Structures are given as structure tokens and as C-alpha cells.
Amino acid sequence: MRFQGAAAAAVAFCLQSTSAFAPPRTLASTHAPSHPSGGSDAPCPPLAAGPPVISDWRYESNRGTISGTVKNHPTIADGDRITTSPVKDPSKIDQNLVVTTNSGSKYKLSNVAFGGRIPAVEAKREKEKAAKAAADAKKRQAEEKRAAAAEKQRAAEEKKASAAAAKKAPAAAKPAPAKAAPKSTPKPAPSTPTKPSVDAKQLQKLAKSTFSLTGVTVGAGGKYLLAGKPRQSSGRAAKIWTAYLADENIPDIPAGFENGDATGVKQLTIKLSPDLERMRLENANYNKVQSGLFMGRFVKKIEYVEYVPSSNRALDGKVSALVIESGQYDLKALLAARKGQPLKGRALRDAAAAAGQCIQAVHSSNLVWTDLKTENFIVVSEDSFNREVVDASGSSGLPGVKGIDLESVVAKGGNPIDYSPEATPPEFAEAFMGGYGDEFVLDYSYDIWSLGMMLYELSTGQPYFQKLAPTAVTKLLCADTFEVDVSAVPDPKLRDLIDKCLALEPRKRPDITGFLLHPYFITTGFGPISF
């Protein structure tokens, strides 16, 4: 939460000598000490101790600001939270140093918050990394130069030896004439078998058109090939790419395509982002949910690489990469292809079960997802899209539904990083509209509301707040007259489950165990298989 304000007129005269430390700024608390208005008899806050001190601080890279607990501030009480305006030089942000913001304010940074990043340390590490890379490149160039010189010398010696041998040949004794050998019919030389393979250049050209390869690689030695156009992630700075593991022997073609057959090629998904803090968080979240008591149904994480090398200079060493299992389509796209026809029968139950088991894995790891929606569930089964589009009754089921995108997952009791209006419960919407959304304390009930909204969309074919702008959705959730209406859900058991998930009072929503044990699953063939 942030508020704009200026210093009280009552203390303006005593700030002149220390204006470098306390110009107008963005404050993160409304609990600034009050001062009586009037003349020069108003008390001045103590300023002799230097600039304000911020402890337990965190640097927010997407905004360039620092937030933490402040003391020795001229207008804010000791112990209150504060968020600064953007810092001029983030590379100088470190513990026990004074930083200057774009507005001219100066703050001394005390201890960093647990798990918080220190830009100065990261900048030093980057500088060392760049120096090492330059040294390695110089060493590699020197070795290549020595190897080229050695090869040149070897070729010269071979040429000299051949010339000497040719010069001695005329002086050699002529051999005695050999007896004429009986005539025989010459036999044709045996032909050398050739491998039935495609020419490398033709194969590369075919691979480029077949897989829409961009020519850009990421990973050591060009490990992954990027394809198509990137999609925007909810993390804003991140880009989602379709990718393929590169063949080890033939450059610029996917592994498994060495004979021109695309059936053996496996598609991957790579998220690239310069936001190291968010990428580290998502990687840690995947590790937690996939190693806990309940594994859930999330895509497989294949690899995470910080400052990944790339053939593209704009990416090389500047972004981190998260490589995950790829899906064929997401549930949002499936509903769109069905032109408003909802999921039914076994297909709807499979999707609901997968979502419930993902939430079970998240909550059992003491985490809250905060971004559960149809776009974040994909189907990894191959060649099933057309079948699912025309399957009106859902009799073929929907196997292979898996969850993705864990960059907004935070610990229970923490504060949200991002939010999606369609997945937001009323209690958060109220906090957001009240100006303190970033101080909202997250609980498991947040995800249960989101789960109810997603099941409503799957079972009716339309989002609950269809055609409403995000701001309008948030305002509607805060309205005193807002009531949930799930009468459009056809299945009575599922309607009851969704109604419970969308209880306006958070404490009345079921936990994930109660969700999975609801009669909708028990009496339709799913059962409590996760327990």
C-alpha cells in the first residue's frame, strides 16, 4: 500500500538544513506522527542522527523501490513500514550503505530481510562472471591460435617430406620386368554402402519450416532451439517460448528429427525472464510442490538455469530459463474452440480432479497459489484436441490435465505478488480497493474461491464475470449487494460444491480435503484417491 503526501507545514522550517535526507516522498504507512499546526513553536523531530534507517528491507526490482521498517524519519513514526521512490543506482544497494532515490531522498540500509536480494552483491557477481567469461574467451582464442599454428606447421612438414620422397624416386633402381600375367576379366570394385539419411542442409531447412525455428538457441552449447513467437507471462517481464532439445550431432535441428520424421520430436516450454528473484521463486515453488507429501498434477520441471547463455546477444547471460514439460492446449483454449459449450461428464470431472490435486499439493506445502484459472491448466495428451472439441458428452474424458505457472505462489500468511481479478475473492478485492492490497494476508481459502470460479467456467462454458473489465470485476466483488449465483451449473452435486467454494465468508469455504471428498467426486467415480 502506498500513499502520496508531503511533510507537515509545522515541521517545514526545521527540515531546511537536512533537506537532502527528507524531501517529499511516497510513504507506505498512514500512521505518520501528527504535529500541531501553527508557528515556529511546533516540535521538530530529531534529525541529528543522519538519514532515516530502513531495516528488514527488500528491493523490488520491477519497481526499483525499497520497502522495509523505518526509524529516525522526520515524519514517520519509528517501526512503521515505508516504500521509497525508485533508487537512482540499484547496483549500490547493500547493507550498511546510504542510497539515494530519484526524488533526492537518502536512506541508510540496515539488515536485509530474510531471503531478500542484495543488488550490489549481484552486480559484483555479474562483474566477476563477465570478467571470467572474457578471460575464458581470451584463453580459448589463444588455444585456437596455437592449434592453428601447429596444424600449419604439420602441413608444411608433410609437404616437405613428400617433396623429398619424390626427389629420391628417379634415382631408385628400375625393377625387373614382370612376367605377363594371364588375362582375366576385371571385377568391378565393391561399392561402399551409404546410409539412407537426408542431407544436413536440407534437413536444417526442413526443420526450420516444420517447427518454426527462430535460429536462436539458449543453454550451454545451444542446448535448446526456440520456435515461433513468445507469449507474455503473468509476470510481465517473462516470455514463454516453445522450444526443442537440439540434436547433438546435427546443428539447428531438434533431437529425433535426424531422418526428417517429426513424430519422434518432443516439444518443450521455456520461460525466459530477467527478473531473477521471481524466477528463483518459481523454481523453488516447483521443487516444493513436486517433492512434498502430495505431488499433485503439475507439469514436470526439466531444468532451471540462471543467466542462461544464448546465441542472441539480447538474451545471452541476461535472462534466466525455466524449462518445463509442454502442453498441447490449455482449458481456456478448449472452451473457446467448443464455442461456449461447457465440459460435461467424465471430461469435467477429470479437469476438476486435476485442479483439486494441484491445490492439495500446494496447500500441503504451506503455500497459496493465488493464480488458479483455466489458462493455467494444460492438456499434455497428444492428438486429443479435436476429439475433445467435438465430445459433447465428455464420455472420452480429459486425461493429461496438468497445472502450470507457479511464479505467483507465496507462503501461507504472506502477501500477494500479483492477482487475477477473475480468481480474486471478495475479501482481497476489498483490500485492494481500500489501498492495502499488498498487505493482504493470504490464506488457503483464497485458492478455494478461485477453484470455485474456475469450475463455474468449465461447467457453464462462460466465465462468471464475462464481458466485464478487470476493474469492474474488482468493484463488483466489493459491492454490498454482491451475491453469488450458481444456478447456471447443470449438475446438482457440482453446483453444490461450487456454491460452497464461493461462500462470501472465507471461513465457510471447504478446505481442499473437504473439496476432494465432496459427493460430486465420491459418487461419480473419482473418489478420494489422493489420500
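Above this text sits the structure in question.
All of the points below concern the structure found in this document. (Residues numbered from 1 in each chain as written. Predicted model: local features only at pLDDT ≥ 70, side-chain atom pairs only at ≥ 80, totals over all residues. Heavy atoms only, no water.)

### Topic: the packing of aromatic side chains
Summed over all chains, the structure comprises 15 aromatic pairs. Ring pairing ties together the aromatic residues Tyr419, Phe428, Phe432, Phe440 and Tyr446, which thus form one cluster. Its end group placed over the ring of Tyr444, Lys412 keeps NZ or CZ at 5.4 Å from the ring centre. (Phe/Tyr/Trp six-rings, centres within 6.5 Å; stacked < 30°, edge-to-face > 60°. Lys NZ or Arg CZ within 6 Å of the ring centre and 35° of its normal.)

### Brief notes about the sheet that holds strand E17 (residues 401-403)
Pairing in this open sheet of three strands is antiparallel, and the strands run E14-E16-E17 from one edge to the other. Strands with a single pairing partner mark the edges of an open sheet, and in this sheet they are strand E14 (329-330) and E17. Inspection of the sheet shows E14 paired to strand E16 (residues 377-379) by two bridges, in the antiparallel sense. If you follow Tyr329 over to E16, its bridge partner there is Val379. (Pairing = 2+ DSSP bridges. Helix = DSSP H or I, 4+ residues; strand = E, 2+ residues; numbered from the N terminus.)

### Side note on helix H10 (residues 492-501)
Three or more residues of H10 are buried, namely Leu494, Leu497, Ile498 and Cys501. For H10, the arc enclosing every buried residue in end-on projection is 95 degrees, short of the 170-degree limit, so these residues lie on one face. In the core, the buried residues of H10 are packed alongside helix H5 (345-364), helix H8 (444-460), helix H11 (512-516) and helix H12 (519-522). Looking at where H10 begins, the residue whose side-chain oxygen comes 2.9 Å from the main-chain nitrogen of Lys493 is Asp491. (Buried < 20%, exposed > 50% of the residue type's maximum accessible area, 1.4 Å probe, protein only. Arc of directions from axis to C-beta. Contact = heavy atoms within 4.5 Å. Polar contact = N/O pair within 3.5 Å; in protein donor to acceptor, adjacent residues only side chain to side chain.)

### Quick look at the pairing of strand E4 (residues 65-71)
Counting buried residues in E4 gives five out of seven residues, a clear majority hidden from the surface. As paired elements, strand E3 (residues 53-60) and E4 share six bridges and run antiparallel to each other. Residue pairing in the sheet places Ser55 in a bridge with Thr69 of E4. Two successive antiparallel strands, E3 and E4, enclose a turn made up of four residues, where Gly64 displays a positive phi of approximately 80 degrees. Bridge analysis of E4 against strand E5 (residues 81-83) gives three bridges, and the strand direction is antiparallel.

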